[in-house]
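A structural walkthrough
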Amino acid sequence: MDILKSIVISLASGLLLTGCYQDFEPDLYEEPVVCLSALLKVGEPISVQVTHTWRYDQTPTNIVNADDVKIDNADVTLIVNGQEIEHLVYKAAAQYAGNYIVCEGDSVTINVSTSTYGNATASVEVPVTVPIDNISHVVLSANGEYILNKRIEAAIDFQMTFTDPAKTQNYYMAGLEREIYGPAGNVFWMSLDYNREPLFNEIFTPLEALMGDTGGYTMFTDRSIDGQSYPLTMATRLHYIVNTTDPNTEPNMLTFKLYSISKSYYDYLLSVYQVDDSFNGQLGDFGLSEQRHTYSNVSTGAGIVAACAIDSRAVNLTEIIQSATKQ
């Protein structure tokens, strides 16, 4: 659907002030409530954002720094596996941070208490890392010569193989990151053909699949692959410009990522699709379908607390391009 500079749904920006708008009737005023947003990553310290909701007609002027809606005097308590661990400390831009390092399998609860906007709480189960077993590829086409300053257009199917843990309900997201400007070459354009991977299409209705207006989302479940080894197809199309033919130059790399994500994160991403891009969501924009709302697992209904564990593996793109263009 989109040509992406980085073919991965942004976790950081996606959770910034997520779900903090309030639906309202013109003659009805609603008191603002606490909005709690956090993405907990295995191996990283705790960080959460605490703001308050606002009416859509009072949109903050500084949405990036959250200065207009920040709550800087909240009591934010971290509970892990039933034990109170610490009170998070306010840093800046509505962010509270702690020292605890997130671990696989943690059961995390975050409690927020404020004097002005009331309280909020949210819980999340941290998933375990599912390793990438192998990255393989097939070059479908590579048009151009590996000569200084020449452009090569390539179509490459990568397969990211992993083994789904059996008898547990697992949720995933796939990511692919590129170096736009590298010593060996520039990958100034890259796209992903989402329709080539069936698991990327499981969220679409038959009508949406028939219309063909799908793509842009890489989250999926293990409903059809429980306990199996599965080769996930990442069908890429790219333009590569050769910066040097020196074999000793550091190559361009592609980094594949497999995110094991919490159910709350999957439900949030699914709701974003249903609100913004689904057929019914677009009808809802015109009042022709029931209005959908972004998912929240926070007690106030504002924000999202999610978790993920990430495995990654890099491949040498320069070497693949060189081999594909040899005469």
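Because the structure is predicted, anything quoted here is derived from the model rather than measured. Throughout this description, residue numbers start from 1 for each chain and increase along the sequence as written. With the structure being a predicted model, the display of local features is reserved for residues of pLDDT at least 70 and the display and counting of side-chain atom pairs for 80 or more, all residues being used for whole-chain, interface and lining totals. To obtain the side-chain values, all non-hydrogen atoms of the structure were used and water was disregarded.

Focus: the confidence of the model for the protein
The score called pLDDT rates the predictor's confidence residue by residue, from a low of 0 to a high of 100. Residue-level pLDDT values for the protein average 86, and 79% of them are 70 or greater. Note on residues 1–13: pLDDT is under 50 here. Beyond four places in sequence and across chains, it has 37 contacts. Here, two residues are considered to be in contact whenever any of their heavy atoms come within 4.5 Å of each other. The model gives residues 281–289 a pLDDT under 50, and that stretch makes ten contacts with residues more than four places away or in other chains.

Side note on the side chain of Asp164
Helix numbers and strand numbers start at the N terminus; a helix is a DSSP run of H or I with at least 4 residues, a strand a run of E with at least 2. As for its position among the elements, Asp164 is in the loop between strand S11 (151–163) and strand S12 (171–178). Exposure categories follow from relative accessible area, calculated using a 1.4 Å probe and restricted to protein chains: below 20% of the type maximum is buried, above 50% is exposed, and the middle band is partly exposed. The charge count includes Lys and Arg as positive and Asp and Glu as negative, but it does not include His or the ends of the chains. Any Lys or Arg side-chain nitrogen located within 4 Å of an Asp or Glu carboxyl oxygen qualifies as a salt bridge. Arg223 provides the closest opposite charge to the buried, unpaired Asp164, separated from it by 11 Å. Within polar-contact distance, the side chain of Asp164 engages the side chain of Tyr172 at 2.5 Å. Asp164 has contacts with Asn170, Tyr172, Asp222, Ile225, Asp226, Gly227 and Gln228, leaving out every residue within four places of it along the chain. For the purposes of these results, a polar contact is taken to be a pair of N or O atoms within 3.5 Å, where, inside protein, one atom must be able to donate a hydrogen and its partner to accept one; residues adjacent in sequence count only when each atom of the pair is a side-chain atom.

Considerations on the sheet that holds strand S8 (residues 107–113)
Across the sheet, which stays open at both edges, the eleven strands sit in the order S9-S8-S5-S6-S7-S3-S2-S17-S16-S12-S14 with mixed pairing between neighbours. Each edge of the open sheet carries a strand with a single partner, namely strand S9 (119–125) and strand S14 (219–221). Each strand of the sheet is rotated relative to its neighbour by a mean of 25 degrees, with strand direction disregarded. As defined by bridge partners, S12 adjoins strand S16 (residues 253–261) across eight bridges and the pair is classed as antiparallel. Looking at S16, one finds that Met173 is bridged to Tyr259. Strands were regarded as paired on the criterion that DSSP finds at least two bridges between them. Interaxial angles span 0 to 180 degrees and are taken between N-to-C directions of axes, which are lines fitted to C-alpha atoms, for helices over the stretch in contact.

Quick notes on the packing of aromatic side chains
Two rings belonging to Phe, Tyr or Trp (six-membered ring only in the last case) form a pair when the distance between their centres is within 6.5 Å. Interplanar angles under 30 degrees mark stacking, angles over 60 mark edge-to-face geometry, and anything in between is tilted. Inspection of every chain in the model, using the stated rule, returns twelve aromatic pairs. Ring centres of Tyr265 and Tyr268 lie 6.4 Å apart, and the angle between their planes is 10 degrees; this geometry places the pair in the stacked category. Note that Tyr265 and Tyr268 are positioned in helix H3 (residues 263–276) at a spacing of three residues, about one turn of the helix. Of the two residues examined, Tyr265 and Tyr268, each falls in the buried class. Site record: aromatic cluster; members linked through ring pairs are Phe162, Tyr172, Tyr194, Phe200, Phe220 and Tyr230.

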